Amino acid sequence: MALEIVHPEGLDRPETYSHVVIATGTRLVFIAGQLSDDPEGNLVFPGDLAAQARQVFANLGRALAAANARPDQVTKITIYVAGHRAEYLPIIEAARVELFGTHKPADVLLGVATLAAPGYLIEVDAIAVTG
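Procedures and definitions
- Residues numbered from 1 in each chain as written.
- Predicted model: local features only at pLDDT ≥ 70, side-chain atom pairs only at ≥ 80, totals over all residues.
- Heavy atoms only, no water.
- Helix = DSSP H or I, 4+ residues; strand = E, 2+ residues; numbered from the N terminus.
- Rg over C-alpha atoms; globule rule 2.2 N^0.38 Å.
- Buried < 20%, exposed > 50% of the residue type's maximum accessible area, 1.4 Å probe, protein only.
- Areas by Shrake-Rupley, 256 points an atom, 1.4 Å probe, with all protein chains shown as cover.
- Lys, Arg positive; Asp, Glu negative; His and termini not counted.
- Charge placed at Lys NZ, Arg CZ, Asp CG, Glu CD.
- Pairing = 2+ DSSP bridges.
- Right-handed = clockwise from strand over helix to strand, strands pointing away.
- Core = buried A, V, L, I, M, F, W, Y, C linked by side-chain atoms within 4.5 Å.

This part is about the overall build of the protein chain. When helices and strands are counted, the protein chain shows two helices and six strands. For a compact globule of 131 residues, the expected C-alpha radius of gyration is about 14 Å, and the protein chain comes in at 15 Å, within 12% of that figure. Seen through its C-alpha atoms, the protein chain measures out along the principal axes to roughly 40 × 35 × 20 Å. A total of 131 residues make up the protein chain; the buried ones form 39% of that total. For the protein chain, the accessible surface area stands at approximately 7,000 Å², while carbon and sulfur atoms represent 55% of it. With 9 positive and 15 negative side-chain charges, the protein chain shows a separation of 4 Å between the mean positions of the two kinds.

By the bridge criterion, seven bridges tie strand E4 (residues 74–82) to strand E5 (residues 106–112) in an arrangement that is parallel. Bridged to Ile79 within E5 is Leu109. Taken together, E4, helix H2 (residues 89–100) and E5 form a β-α-β motif whose crossover is right-handed.

Now for unusual backbone geometry. A positive phi angle, near 60°, is found at Phe45, a position not held by glycine. The topology assignment puts Phe45 in the loop between strand E3 (27–34) and helix H1 (49–66). Residue Asn68 is not a glycine yet carries a positive backbone phi of 55°. Residue Asn68 is classed as exposed on the basis of its relative accessible area, which comes to 65%.

Attention shifts here to the nonpolar core. Formed by 24 residues in total, the largest nonpolar core has its most connected members in Phe57, Leu60, Ile77, Ile122 and Val124. Those elements giving two or more residues to this core turn out to be E3, H1, E4, H2 and strand E6 (122–130). At seven residues, the largest contribution of residues to this core is made by H1.

See the structure below:
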């Protein structure tokens, strides 16, 4: 599996994501939206975006590992944030870097009114391409 990161002329160079990721591989892995749940499915860290974001990205890492996929094979993520505000961005980016390091998949960040149930502040899904 190979990922090619393209920096289109005339577009900025974002710190945490890539505008274009071209994937060559034979296996697609789709990870459902991960929430800040513990192994029993209970919400952890209600009201704490930073802690929920860390849990969400940790859960995403566990889901990838279960599919024999690595974070550096992720081509795209979608981040959903309840009541998103600009000041949330550094908090989310810090948690994201814990999983992805310098890898920058394409992404979309959407501010939403609510998530699956009260108390959830962030959800992230992913697509990976593996060998």
